[in-house]
Amino acid sequence: MTPTPAATDIPFIAADVGGTHARLALVRFTAEGTVSILHYSEYICAEYPDLATILRTFIDTHGDASTTSAAIAIAGLQVGDALINPNLPWHVSLTQTRQAAHLKDLALINDFEALAHAAPHIDLASADLLSGQPVDPSNVTTLVVGPGTGFGQAVHIPHKPRPVVITSEAGHAALAPGNELEIEILRELFKRWPHVDRERAVSGPGLLNLYECICTLHGVPAMLKTPADVTAAALAHANPQAVTALSVFCGLLGSLIGDLVLAYNARAVFLAGGIPSRIRSFLPTSNFVARYHNKGALGEVIKHVPIWLIEHGQLGLIGAAAWYQDHRTAD
């Protein structure tokens, strides 16, 4: 969308706030419609009493009297005035935050919704193509997915006058096993929960669940206690159950992404999140791509849909800026 002069000339705050770090930037859109970052700072969330204090600190350092608008990508579900996210160090009220930070306009955007808005702005030269043939993501329906604490996903659909972004709770749909080992793991997971959703396996906590189930199936004690422990042991080939768990994780992830591509008729995929970046060296040797392609009669179609592995970095705040541009220029 071509920015209006007002949207181009007046800088605003774009931010990406997670459970650990808050990334803030003062941005404006250029005449060509690209995001220009004027100032950028990172803050450790636990060192501040609330989100408003972080915003006010940034404005006092980098802003001025005209800095009265902010768009923030933040994980969680907004219910009325409150944001529900147990991983943040403080409660977030939209009204209280806006008033305490002395802002006229404040928007909270789901983190994967923001990533989907960032899709047309991603530099493909800095991304790793895992499968498929390159396309221009700004011109096709693009899926953005990422396993982390949960499983996030959103879809960016090109449309005029502004793009359409669809989010969902796909991580809570039922997990689909693809081989005998995964069926055995599913049986173990059903002993814990009456509904086994995708996040029970394809997430950080899910990786630990996989490891524990595999240890049970192998008749050995589960010595590793965190997802990070499992990842480190698997990458070092220091624990056979951890290696198997990470291999199963990659297979389930590839299969799940293929399912979502078919569900949304997507023509490009960006794989984000902390876990994929940490297992970058493991993914190519796993059956991730093979399981992504394993979609029966539509496997040949899936093979042409590219998957890029991307670093999260500043994409959340760029997506928040793009959301602001898309939704505020008509105001």
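See above for the structure.
Residues numbered from 1 in each chain as written. Predicted model: local features only at pLDDT ≥ 70, side-chain atom pairs only at ≥ 80, totals over all residues. Heavy atoms only, no water.

**So, the overall build of the protein chain**
For step 1, the next point in the chain: Helix and strand content of the protein chain: 12 helices and 14 strands.
For step 2, the next point in the chain: Whereas a compact globule of 331 residues would reach a radius of gyration of roughly 20 Å, the protein chain reaches 21 Å, a difference of no more than 12%.
For step 3, the next point in the chain: In the protein chain, buried positions account for 50% of the 331 residues.
For step 4, the next point in the chain: Taking contacts inside the protein chain between residues at least 6 apart in sequence as the whole, the part at least 24 apart equals 66%.
For step 5, the next point in the chain: As displayed, the protein chain has an accessible area near 14400 Å², and 55% of this comes from carbon and sulfur atoms.
For step 6, the next point in the chain: Charge-centre separation for the protein chain: the mean point of 20 positive side chains lies 4 Å from the mean point of 29 negative side chains. (Helix = DSSP H or I, 4+ residues; strand = E, 2+ residues; numbered from the N terminus. Rg over C-alpha atoms; globule rule 2.2 N^0.38 Å. Buried < 20%, exposed > 50% of the residue type's maximum accessible area, 1.4 Å probe, protein only. Contact = heavy atoms within 4.5 Å. Areas by Shrake-Rupley, 256 points an atom, 1.4 Å probe, with all protein chains shown as cover. Lys, Arg positive; Asp, Glu negative; His and termini not counted. Charge placed at Lys NZ, Arg CZ, Asp CG, Glu CD.)

**Here's the deal with the packing of aromatic side chains**
For step 1, the next point in the chain: Tallied over the entire structure, the rule returns three aromatic pairs.
For step 2, the next point in the chain: Ring centres of Tyr43 and Tyr48 lie 5.7 Å apart, and the angle between their planes is 85°; on these two criteria the pair is classed as edge-to-face.
For step 3, the next point in the chain: Relative accessible area serves as the criterion here: at 9%, Tyr43 is assigned to the buried category.
For step 4, the next point in the chain: A cation sits over an aromatic face here: Arg200 above Trp193, 3.8 Å from the ring centre. (Phe/Tyr/Trp six-rings, centres within 6.5 Å; stacked < 30°, edge-to-face > 60°. Lys NZ or Arg CZ within 6 Å of the ring centre and 35° of its normal.)

**A word on the sheet that holds strand 9 (residues 128-131)**
For step 1, the next point in the chain: Strand order in the open sheet made by the six strands is 9-14-13-10-11-12, with mixed pairing throughout. Single-partner strands in this sheet number two, and they are strand 9 and strand 12 (164-167). Strand after strand, the sheet turns through a mean of 25° between neighbouring axes, direction not considered.
For step 2, the next point in the chain: Here strand 11 (residues 151-157) pairs with strand 12 via four bridges, running antiparallel. (Pairing = 2+ DSSP bridges. Axes fitted to C-alpha atoms, helices over the stretch in contact; angles between N-to-C directions.)

**Quick look at unusual backbone geometry**
For step 1, the next point in the chain: A cis geometry characterises the amide bond from Lys160 onward to Pro161, with omega recorded as 10°.
For step 2, the next point in the chain: Counting through the fold element by element, Pro161 comes out in the loop between strand 11 and strand 12.
For step 3, the next point in the chain: Of note, His237 is a non-glycine position whose phi angle comes to about 50°, a positive value.
For step 4, the next point in the chain: Mapping His237 onto the fold places it in the loop between helix 7 (227-235) and helix 8 (240-264).

**Here's the deal with the packing of helix 7 against helix 8**
For step 1, the next point in the chain: The contact between helix 7 and helix 8 brings their axes to 8 Å, and the two run at 100°. Relative to helix 8, helix 7 is oriented roughly perpendicular. Packed against helix 7, whose contacting residues are Val230, Ala233, Ala234 and Leu235, the element helix 8 presents Ala242, Val243, Ala245 and Leu246 at the interface.
For step 2, the next point in the chain: When grouped by side-chain class, the residues that make up the contact of helix 7 with helix 8 number eight nonpolar, no polar and no charged. (Parallel < 35°, antiparallel > 145°, perpendicular 65-115°, else oblique. Nonpolar A, V, L, I, M, F, W, Y, C, P; charged D, E, K, R; others polar.)

**Side note on helix 4 (residues 111-118)**
For step 1, the next point in the chain: Of all the eight residues making up helix 4, seven are buried; the element is thus mostly covered by neighbouring parts of the structure.
For step 2, the next point in the chain: N-cap assignment for helix 4: the residue whose side-chain oxygen lies 2.9 Å from the backbone N of Phe112 is Asn110. (Polar contact = N/O pair within 3.5 Å; in protein donor to acceptor, adjacent residues only side chain to side chain.)

**Details of the sheet that holds strand 2 (residues 21-29)**
For step 1, the next point in the chain: Strand order in the open sheet formed by five strands is 3-2-1-4-8, and the pairing between neighbours is mixed. Whereas interior strands pair on both sides, the edge strands pair on one side only; in this sheet they are strand 3 (35-44) and strand 8 (105-110). Pairs of neighbouring strands in the sheet enclose a mean axial angle of 20°, with direction left out of account.
For step 2, the next point in the chain: Across six bridges, strand 1 (residues 12-17) lies against strand 2 in antiparallel orientation. Among the inter-strand pairings, Asp16 is bridged to a residue of strand 2, identified as Arg23.

**Let's talk about the side chain of His293**
For step 1, the next point in the chain: For His293, the location among the structural elements is in helix 10 (residues 288-293).
For step 2, the next point in the chain: Its relative accessible area of 19% is what places His293 among the buried residues.
For step 3, the next point in the chain: Once residues lying within four places of it in the same chain are set aside, the contact partners of His293 are Ser131, Gly299, Ile302 and Lys303.

**Description of a nonpolar patch on the surface**
For step 1, the next point in the chain: On the surface, a cluster of nonpolar side chains totalling about 280 Å² of accessible area is made up of Leu77, Val79 and Ile84.
For step 2, the next point in the chain: For Val79, the location among the structural elements is in strand 5 (residues 77-79). (Patch = residues over 30% accessible without salt bridge, like charges linked within 9 Å, V, L, I, M, F, W, Y side chains within 5 Å. Salt bridge = Lys/Arg side-chain N within 4 Å of Asp/Glu carboxyl O.)

**Thoughts on the packing of helix 5 (residues 180-190) against helix 6 (residues 204-218)**
For step 1, the next point in the chain: Here helix 5 crosses helix 6 at 100°, and the two axes come no closer than 10 Å. Taken together, the axes of helix 5 and helix 6 lie roughly perpendicular to each other. When helix 5 is examined against helix 6, the residues Leu181, Glu184, Ile185, Glu188 and Leu189 are found in contact with a partner set consisting of Asn209, Leu210, Cys213, Ile214, Thr216 and Leu217.
For step 2, the next point in the chain: Taken together, the residues that form the contact of helix 5 with helix 6 break down as seven nonpolar, two polar and two charged.

**What to know about the nonpolar core**
For step 1, the next point in the chain: Counting 49 residues, the largest nonpolar core has Leu143, Phe249, Ile257, Val261, Val269 and Leu271 as the members making the most contacts within it.
For step 2, the next point in the chain: A total of 13 residues in this core trace back to one element, the largest contributor, which is helix 8.
For step 3, the next point in the chain: Excluding residues that lie within four positions of it along the chain, Ile257 makes contacts with Leu143, Val145, Val269, Leu271, Phe288, Tyr292 and Ile307.
For step 4, the next point in the chain: The next biggest cluster of nonpolar side chains, apart from the first, holds 34 residues, and it includes Ala73, Leu115, Phe270 and Ala321. (Core = buried A, V, L, I, M, F, W, Y, C linked by side-chain atoms within 4.5 Å.)

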